[in-house]
Amino acid sequence: MNLLLRRHHSSLAPFNLRPTIEHDIVSLCKSNLLFDAIHLLNSIHSHKCFTKKPILYAILLQTCTKSNSFNHGLQLHSHVIKTGLETDRFVGNSLLALYFKLSSDFIETRRVFDGLYFKDVVSWTSMISGFIRVGKPRNDLYQEALGFFFSMMRKYGMSADGFTFGSVLTACGNLGRLKQGKEVHSKLITSGIHDNVVVDSSLVDMYGKCGSLDESQRVFDRMTKRNSVSWCALLGGYCQKGHFDTVIDLFRQMEEIDLYSFGTIIRACAGVFGISVLAAVPT
DNA sequence: TTAGGGTTAG
């Protein structure tokens, strides 16, 4: 047992209840002490006590993602392959999250996805949201995200959940695809997902970005619970269409205002200001 | 059950 391991044990374990090494690794991960956790893991390997607990690798991979340590993640990827744990869905999905959040190499991420033993709704949604996250200025990647969604829906027994709908509606909005957005909306209705503030805000945003303000407002009015994102999604639609007075009226009704809302309102004020400047120009 | 989600403009 190395020094780190001994130190760790003495600091965490009560006298008669010594936690397992796996437990210690999880504790280190929870405290974001990635380096120590990997060190401890490597000490197990060097003592030939090979661990095969999927939860351990899932948490280690998540800690790598959280601490932006792609290289440590790659090292763990090889452990995962050696131990045969890539068949575990939590390990597989944590691995996928590592690649799509920390690697800019889409081909590599795609390879990880293709190589997953079980592709569940989390794996598919990860790919969709991964494409959207990196695709901000790139329409082709939003397109790719939509393609993933529709392939997912064609699979037997695979159904989208709130996470999937939230992501795919964002892609529709950013592409300005009203027709596909409506298609997704109808799938959402049949899915039975109700009163999800994230999904409903994505709907408000999608309709707003597609220029369908009535629909955007209708979805917003039906929401039983709203937050600042819902409000900003609504404001954004009116702002994009140049309805600045409505934006300012709505702004006055808001109960909760954050920095993000201020961005929208400043844009609206700039629009009002632009109009008044033009009106003030002597003819 | 440890994993994946939404809003400025540039």
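Residues numbered from 1 in each chain as written. Chains lettered and ligands numbered in written order. Predicted model: local features only at pLDDT ≥ 70, side-chain atom pairs only at ≥ 80, totals over all residues. Heavy atoms only, no water.

**Some details on the protein's contact with DNA strand B**
Here is step 1: Residues in close proximity to DNA strand B total 35 residues, the closest being N93, R133, K209, G263 and R267.
Here is step 2: Take the atoms of DNA strand B that sit within 4 Å of the protein: sugar and phosphate atoms are 45% of them.
Here is step 3: A distance of 3.3 Å separates a phosphate oxygen of DNA strand B from a polar atom in the side chain of K101.
Here is step 4: At 3.2 Å, a side-chain N or O of N196 approaches a base nitrogen of DNA strand B.
Here is step 5: The dominant element in the surface near DNA strand B, judged by the number of residues it contributes, is helix α12 (residues 197-209), at seven residues.
Here is step 6: Of the residues in the surface near DNA strand B, the class split is 12 nonpolar, 15 polar and eight charged. (Near = heavy atom within 4 Å. Polar contact = N/O pair within 3.5 Å; in protein donor to acceptor, adjacent residues only side chain to side chain. Helix = DSSP H or I, 4+ residues; strand = E, 2+ residues; numbered from the N terminus. Nonpolar A, V, L, I, M, F, W, Y, C, P; charged D, E, K, R; others polar.)

**What to know about the side chain of T164**
Here is step 1: Note that T164 resides in helix α10 (residues 162-175).
Here is step 2: Since its relative accessible area comes to 0%, T164 is described here as buried.
Here is step 3: Polar side-chain contacts of T164 include one of 2.9 Å to the side chain of T125.
Here is step 4: Once residues lying within four places of it in the same chain are set aside, the contact partners of T164 are V121, T125, I128, F149 and M152. (Buried < 20%, exposed > 50% of the residue type's maximum accessible area, 1.4 Å probe, protein only. Contact = heavy atoms within 4.5 Å.)

**Let's talk about the packing of helix α8 (residues 121-134) against helix α9 (residues 139-154)**
Here is step 1: For the pair α8 and α9, interaxial distance at closest approach is 7 Å and the crossing angle is 165°. Judged by the angle between their axes, α8 and α9 are roughly antiparallel. Handedness of the α8/α9 crossing: left-handed. Packed against α8, whose contacting residues are V121, W124, M127, I128, F131, I132 and V134, the element α9 presents L141, Y142, E144, A145, F148, F149, S151 and M152 at the interface.
Here is step 2: Class assignment for the residues of the contact of α8 with α9 results in 13 nonpolar, one polar and one charged. (Axes fitted to C-alpha atoms, helices over the stretch in contact; angles between N-to-C directions. Parallel < 35°, antiparallel > 145°, perpendicular 65-115°, else oblique. Left-handed = near helix turned anticlockwise from the far one by under 90°.)

**Digging into unusual backbone geometry**
Here is step 1: Phi at N32 is positive, roughly 60°, even though this residue is not glycine.
Here is step 2: As for its placement among the helices and strands, N32 is situated in the loop between α2 (21-30) and α3 (34-46).
Here is step 3: Non-glycine residue N68 carries a positive phi angle of around 55°.
Here is step 4: Here N68 lies in the loop between α4 (54-66) and α5 (70-83).

**Quick notes on the confidence of the model for chain A**
Here is step 1: On average, chain A scores 85 in pLDDT, and the residues at 70 or more come to 86%.
Here is step 2: Note on residues 277-283: pLDDT under 50 across the span, and zero contacts to partners over four residues away in sequence or across chains. (pLDDT = per-residue confidence, 0-100.)

**Quick look at α12**
Here is step 1: In this model α12 runs 18 Å from its N-terminal to its C-terminal C-alpha over 13 residues, within 8% of the 18 Å that 1.5 Å per residue would give.
Here is step 2: The element α12 is largely enclosed, with a buried count of 11 among its 13 residues.
Here is step 3: Of the residues making up α12, those classed as buried are V197, V199, D200, S201, S202, L203, V204, D205, M206, Y207 and G208.
Here is step 4: Turning to α12, the residues buried within the fold contact α10, α11 (178-191), α13 (213-222) and α14 (228-240).
Here is step 5: For α12, the N-terminal cap is N196; the gap from its side-chain oxygen to the backbone nitrogen of V198 is 3.0 Å. (Expected span 1.5 Å × (residues − 1).)

**Comments concerning the packing of aromatic side chains**
Here is step 1: According to the stated counting rule, one finds 10 aromatic pairs in the structure shown.
Here is step 2: Their ring planes at 70° and their centres at 5.7 Å tell us that Y117 and F118 sit as a pair that is edge-to-face.
Here is step 3: Taking the relative accessible area as the measure of exposure, Y117 reaches 57% and is therefore exposed.
Here is step 4: Between F131 and F148 the ring centres are 5.5 Å apart and the planes differ by 45°, which places this aromatic pair in the tilted class. Residue F131 is located in helix α8, and its partner F148 is located in helix α9; the two are separated by 17 residues in the primary sequence. (Phe/Tyr/Trp six-rings, centres within 6.5 Å; stacked < 30°, edge-to-face > 60°.)

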